[in-house]
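Here are the chains, one letter per residue:
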Amino acid sequence: MKDFLVIGGGIAGLSAAAELARSGSVVLVESEDALGYHASGRSAAMFLQSYGNSTVRALNEASADAHRRTDVLSQRGFLMVADRERGAVFEREHASFGAQRVTIAEAQGFWPILNPSHCAHAAWLEEAYDLDTDRLLQHYARQARQQGAEILTRQTVREIHKIGNHWQVETATQTLQAAQIVNAAGAWADPVARMAGIAPLGIQPLRRSMARLPAPNGLDTRNWPFVDEVGEDWYAKPDAGAWLVSPADEDPVEPHDAWADDMVIAEGLARYQPFVTVEVTRVETTWAGLRSFAPDRALVIGRDPTEPAFLWCAGQGGYGFQTAPAAAGLLATLAGGASPDLDANVVAAVSPARFRR
């Protein structure tokens, strides 16, 4: 019997397994053939310390040094743009991000295809980074295995039962036992809780789509920034010589293997088009992932107060990679009964207990 059974092989589950394996025996189960298949494999892969609400930002800050040590960050830069009608919103948002207003001509220097006849406001943040998601996933998988964790793929959880002082988990092909369960199941976090007889927390999967365009006019996009329209009506970034544009959709859906809706992509590209001087004539490919949020859009980390042997590591939304080091470290600290280094207000803000009052 293991000390911990982690359900979910995305960034949440892998980072949790790596941290927990420092002090106990761990088995991780993932239903897909590969790790990081769903949300973790479809991330925009950015690290902006000022992205998210105050709780998320605290976790971002606590994760920054670990990301630097793991060498997963590379300079990108962040450009926020707005049309004439959204000047007031722009003022609030660029200040919130810590971005500095720049002239439209300066913004064109960062992003050459910006349309000056449509864009009226721009702001620049130097401290925005690409985050190598595959490298971080492999880092945690390697750490977990080196510390003795067992990682099993193609193991869809069918049943969860509490038997005495331990859990029994039935997967597609075997029976596993553990003293404690870690629910890192992403979009499936609430269904996993129900399976274990734990009340769900209202974690809602939201679809986020992406379109890959050819490099506009064949230009070299490698040094272009991450570009975000105010209000996140769309965003764009370079990708292996091409150009990604997301409609920044957040459509509530049931947990599933997500795909992009053609109409959602078309609407997002229509919002993007006026901001650029190059017409969108072709989309190379599209895809979608599920960003799963708790009702207050903060992560859920810690023991369920109704069943202390059931731990949550869920509700990462669009912040899973950014917050992974701090979130996994906090989970392991709480699992071991120690006092967290994080501010007590942050620990309380991510606790599952906030939904059980």
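Residues numbered from 1 in each chain as written. Predicted model: local features only at pLDDT ≥ 70, side-chain atom pairs only at ≥ 80, totals over all residues. Heavy atoms only, no water.

Naming follows an unreviewed UniProt entry, where the protein chain appears as Glycine/D-amino acid oxidase of Aliiruegeria lutimaris.

Once that is clear, we can look at the overall build of the protein chain. Scanning the protein chain for helices and strands turns up nine helices and 20 strands. C-alpha atoms of the protein chain, sized along the principal axes, occupy 70 × 40 × 40 Å. Within the protein chain, the proportion of its 357 residues that are buried is 56%. By sequence separation, contacts in the protein chain at least 24 residues apart represent 73% of the contacts at least 6 residues apart. (Helix = DSSP H or I, 4+ residues; strand = E, 2+ residues; numbered from the N terminus. Buried < 20%, exposed > 50% of the residue type's maximum accessible area, 1.4 Å probe, protein only. Contact = heavy atoms within 4.5 Å.)

The final tally for this structure, using the stated rule, is 22 salt bridges. As a salt-bridge pair, Asp-33 and Arg-154 come within 3.1 Å of each other at their nearest N and O atoms. With Asp-33 in the loop between strand E2 (26–29) and strand E3 (46–47) and Arg-154 in the loop between strand E9 (150–152) and strand E10 (157–163), the pair connects residues that are 121 residues apart, well separated along the chain. The residues Asp-33 and Arg-154 share a single accessibility class, namely exposed. Across the salt bridge formed by Asp-65 and Arg-68, the nearest N and O atoms sit 3.2 Å from each other. Pair noted here: Asp-65 and Arg-68 are both in helix H2 (residues 54–70), with a separation of three residues, about one helical turn. Exposure remark for Asp-65: the relative accessible area of 48% places this residue in the partly exposed category. Beyond isolated ion pairs, a larger network of salt bridges with shared partners links Arg-208, Glu-232, Glu-250, Arg-291 and Arg-297. (Salt bridge = Lys/Arg side-chain N within 4 Å of Asp/Glu carboxyl O.)

Attention now moves to the side chain of His-94. Among the secondary structure elements, His-94 is positioned in helix H3 (residues 87–97). Every residue in contact with His-94, bar those within four places of it in the chain, is listed here: Met-80, Ala-99, Gln-100, Arg-101 and Ala-123.

The next subject is the sheet that holds strand E4 (residues 73–75). Taken in spatial order, the three strands line up as E3-E8-E4 in an open sheet, and their pairing is antiparallel. Bordering the open sheet on either side are E3 and E4, each of which pairs with just one other strand. Two elements, E3 and strand E8 (residues 129–131), share two bridges in a ladder whose sense is antiparallel. Bridge assignment links Phe-47 to a residue of E8, and that residue is Tyr-129. (Pairing = 2+ DSSP bridges.)

Turning next to the nonpolar core. Among the nonpolar cores identified, the biggest contains 68 residues, and Val-6, Leu-20, Val-26, Phe-78, Val-182, Leu-299 and Leu-331 are the most heavily contacted of them. Top element by residues in this core is helix H8 (residues 320–335). It accounts for eight residues. Split by domain, this core shows at least three residues from each of two domains, domain 1 (2–45 + 133–199 + 295–355) and domain 2 (78–126 + 204–293). Phe-78 has contacts with Leu-48, Phe-97, Ala-123, Trp-124, Leu-125, Ala-128, Pro-225, Phe-226 and Asp-228, leaving out every residue within four places of it along the chain. Membership of the second largest hydrophobic core comes to 31 residues, among which are Leu-114, Ala-122, Ala-260 and Val-278. (Core = buried A, V, L, I, M, F, W, Y, C linked by side-chain atoms within 4.5 Å. Domains from an automatic or database assignment.)

For Thr-156, the position within the fold is in the loop between E9 and E10. For Thr-156, a relative accessible area of 27% corresponds to the partly exposed category. In this structure, the C-alpha to C-alpha distance between Thr-156 and Glu-30, residues 126 residues apart in sequence, is 6.5 Å. Sequence-distant contacts of Thr-156, defined by excluding residues within four places in its chain, comprise Ser-31, Glu-170, Thr-171 and Ala-172.

This next bit is on the domain arrangement of the protein chain. Partitioning the protein chain into structural domains gives domain 1 (2–45 + 133–199 + 295–355) and domain 2 (78–126 + 204–293). The centre of domain 1, based on its C-alpha atoms, is set 32 Å off from the matching centre of domain 2. With 17 residues of domain 1 in contact, the opposing surface of domain 2 contributes 17 residues. Between domain 1 and domain 2, the buried area comes to about 1300 Å², and carbon and sulfur atoms account for 56% of it. On inspection of domain 1 and its partner domain 2, the count reaches one salt bridge. Of the charged contacts in the structure, one is a salt bridge between Arg-297 and Glu-250, with a shortest N-O distance of 2.9 Å. For the pair domain 1 and domain 2, the interface holds three residue pairs in polar contact (both at pLDDT 80 or more). Class assignment for the residues of the side of domain 1 that touches domain 2 results in nine nonpolar, six polar and two charged. (Buried area = accessible area lost by both parts, 1.4 Å probe. Polar contact = N/O pair within 3.5 Å; in protein donor to acceptor, adjacent residues only side chain to side chain. Nonpolar A, V, L, I, M, F, W, Y, C, P; charged D, E, K, R; others polar.)

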